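# Fold and geometry: a report
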Amino acid sequence: ETNPAAYLPDLARSLNNYANHFSEVGQRQEALDPARRAVEICEGLAETNPAAYLPGLATSSYNLALHLEETGDLEGAIERAARAAQLYDQLAENLPQRFSDNQRDAHQLLDRLKAAAGQ
């Protein structure tokens, strides 16, 4: 109660998990709101402390892209996957051993989405 912002990283992770659980049980549309909220929280956190919160923003962006793809919103998924790929590029530049697999996955997702959209 004295510092609600201290709980925002945990809230973002919980919202990502919540979205993933919705998706796993076939409630793909319901996954979108918590996934979007997780991205919003992570964007705010990354603005104040990029070193600490860019990884969470990249993960949340990637997850949202997957959820958007599942609902058929390819343009939204492409936009979010491009953001995830950009963030993972930045992260892998400094810590390749930690982020190169994520970077590869984000670029593969972006390529797959673009192909599905005929781009």
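Okay, so let's go over this structure. (Residues numbered from 1 in each chain as written. Predicted model: local features only at pLDDT ≥ 70, side-chain atom pairs only at ≥ 80, totals over all residues. Heavy atoms only, no water.)

## Observations concerning helix α3 (residues 50-70)
A rise of 1.5 Å per residue sets the reference length of α3, with its 21 residues, at 30 Å; its end C-alpha atoms lie 29 Å apart and thus fit the reference within 8%. Buried within α3 we find Leu 54, Pro 55, Leu 57, Ala 58, Ser 60, Ser 61, Asn 63, Leu 64, Ala 65, His 67 and Leu 68. Check the buried side of α3 and you find it contacts α1 (8-24), α2 (28-48), α4 (74-94) and α5 (96-116). Downstream of α3 by a residue or two, Gly 72 has a phi angle that is positive, lying close to 90 degrees. (Helix = DSSP H or I, 4+ residues; strand = E, 2+ residues; numbered from the N terminus. Expected span 1.5 Å × (residues − 1). Buried < 20%, exposed > 50% of the residue type's maximum accessible area, 1.4 Å probe, protein only. Contact = heavy atoms within 4.5 Å.)

## Observations regarding the layout of surface pockets
In this model, the largest pocket occupies a volume close to 220 Å³. Along the wall of the largest pocket there are 13 residues; nearest its centre are Pro 9, Arg 13, Cys 42, Pro 55 and Gly 56. Elements represented by at least two residues in the lining of the largest pocket include exactly α1, α2 and α3. When residues of the lining of the largest pocket are assigned to their parent elements, the largest contribution, six residues, is made by α3. (1 Å grid on protein atoms, 1.4 Å probe; cavity = no way out; pocket = protein on both sides within 12 Å on 5 of 7 lines; lining within 4 Å. Points joined across faces, edges and corners; volume = space filled by probe spheres on them.)

## Some thoughts on α1
The end-to-end C-alpha distance of α1, which contains 17 residues, comes to 24 Å, matching closely the 24 Å that a straight helix rising 1.5 Å per residue would cover. Those residues of α1 lying buried are Pro 9, Ala 12, Leu 15, Asn 16, Ala 19, Phe 22 and Ser 23. The buried side chains of α1 occupy one side of the element, clustering within an arc of 145 degrees when seen end-on. At its buried positions, α1 is contacted by α2 and α3. Directly beyond the C-terminal end of α1, a positive phi value near 85 degrees is found at Gly 26. (Arc of directions from axis to C-beta.)

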